[in-house]
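Tertiary structure, described
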Amino acid sequence: MAEGGHYDIVVLGGGSGGYACALRAAELGKRVALIEKDKVGGTCLHRGCIPTKALLHAAEIADASRESEKFGIRTSFEGVDMPGVLSYQQSVVDRLWKGLQSTIASRKIDTIIGDGRLASPTSVVVGDSLYTGDHIVLATGSVPKSLPGLSIDGERIISSDEALRLDRVPASAVILGGGVIGVEFASVWQSFGAEVTIVEMLPQLLPLEDEASAKHLQRAFRRRKIGAELGVAFESVKYTDTGVAVSLANGKTLEAELLLVAVGRGPVSAGLGYEDNGVAMTRGYVDVDPLCRTSVPTISAVGDLIATPQLAHVGFAEGILVAERLAGLDVRPIDYDGVPRITYSDPEVASVGITSAQATERGITVAEVNYPLGGNGRSVILQTQGQAKVIAEATPDGPGRVLGIHLVGSRVGELIAEGQLIYNWDAEPADVAALIHPHPTQSEIIGEAHLALAGKPLHFHA
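Okay, so let's go over this structure. (Residues numbered from 1 in each chain as written. Predicted model: local features only at pLDDT ≥ 70, side-chain atom pairs only at ≥ 80, totals over all residues. Heavy atoms only, no water.)

What follows is about the packing of aromatic side chains. Scanning the model with the defined rule gives 2 aromatic pairs in all. Judged by centre distance (5.8 Å) and plane angle (55°), the ring pair of Y19 and F316 falls under tilted. Remark: F316 occurs in helix α8 (residues 312-326) and Y19 occurs in helix α1 (residues 16-27); sequence separation between them is 297 residues. Residue classification places Y19 among the buried residues on the basis of a relative accessible area of 15%. Ring centres 5.6 Å apart and planes at 50° place the aromatic pair F185 and W189 in the tilted group. One end of the pair, F185, and the other, W189, are both in helix α6 (residues 180-192), 4 residues apart, so they sit about a helical turn from each other. Neither F185 nor W189 differs from the other in exposure class; each is buried. One cation-aromatic arrangement involves R401 over Y423; the distance from NZ or CZ to the ring centre is 4.7 Å. (Phe/Tyr/Trp six-rings, centres within 6.5 Å; stacked < 30°, edge-to-face > 60°. Helix = DSSP H or I, 4+ residues; strand = E, 2+ residues; numbered from the N terminus. Buried < 20%, exposed > 50% of the residue type's maximum accessible area, 1.4 Å probe, protein only. Lys NZ or Arg CZ within 6 Å of the ring centre and 35° of its normal.)

Below you can see the structure in the form of structure tokens.
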């Protein structure tokens, strides 16, 4: 076997967590090899965050053209050119991919394209070459999951990977799973003209979000004529002359052209030599401590491969944490409650911190307020509905530390960055109430909600 070279750090996987680790480590003076079987950027850039948000923006344009007359603008909607949409989508991906490649090259990182496998606690084999390192970072990411007995054929029964490449608008679709992926594709396809029904076995869409946010989203989806079967399990699917027939545990059968399986993503770890080399694992996920250290001292793991929130920005943070730890810097564990979460549907759902239900589970007494977007000038201009909900710890002296911020409405994903500052800096409602938010902006909903919680509401009454 050929000697591929020795490095300070060998990173296996070039997605968000892997390339972030490589970039930061190189910046700190480490010699780094980045091994990727496909294209650097991973799921987020090529099959996830970026291409789905490009589709969602195209869907927003479709809706705007249909509804322009209510703003006094006369235009016409002539249909969706899916090859044109896919061309736009790919142009976005390609531009970002080229920029990422340039950034990686500028840091003098050696990128090796090929299937890598852990060969020992300090080496990775790629083809006939062995790459050794003082430390190995596992970052092999995730792939779409299915359910037992449900086979994805890539044509009538598809995953998000095939949905992103679909060169037509389906006449109808059943979406199995009401999490972020399912909700976003439901939003896109309805805007493009498809008839869509979501099936979710839990009682609400976006099960990890606050119940109040889910209810707002569900009302909005009903207005948009997106169907939902909630609190009901999938039983089976069979092919029909025109597509599929999906049978549910409540006795209903839903017929559609496509079934999109959006029940989450599972780690890519099988057959990669992890357990063979002593890496402890649970249900395919690599076990790590709060600083992303595995059971093997020379191996760390980051991103979707470990059982932390499957978000690109979580991967970035974990990759940076590992790089800085290996460079000898003082690092702290990530507070995953303090990571912002966004679903880019219409309307958007954004949050940071804990939900009301989680506060109850943890035995925390809270004070909370729900500020409707109907009282916000910018939201009225945008014709969006929703709310800002703020949860704070209840104390004898009034509302204490803010524990959660939950937003629903058009473009609210752009606002949650302020929410994460409020949460992560242990601010109290009175602290935020003292800040002046520009008018007219949607950012005022955060200020107004905190004003109300601090006992001095402005454009708001209970």
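This next bit is on the environment of G404. Mapped onto the secondary structure, G404 falls in strand β24 (residues 398-409). Placed 239 residues apart in sequence, G404 and R165 show a C-alpha to C-alpha distance of 36 Å. Aside from chain neighbours lying at most four places away, what touches G404 is V352, G353, I354, K389, V390 and I391. (Contact = heavy atoms within 4.5 Å.)

Across the 12 residues of β24, 9 count as buried, placing the element largely inside the fold. Relative to β24, strand β21 (residues 348-353) runs antiparallel, the two being bridged by 6 bridges. Looking at β24, one finds that E348 is bridged to G409. As judged from the 8 bridges shared by strand β23 (residues 387-395) and β24, these two strands associate in the antiparallel manner. Looking across to β24, one finds that A388 is bridged to L407. Linking β23 back to β24 in an antiparallel pair, the connection comprises 2 residues. (Pairing = 2+ DSSP bridges.)

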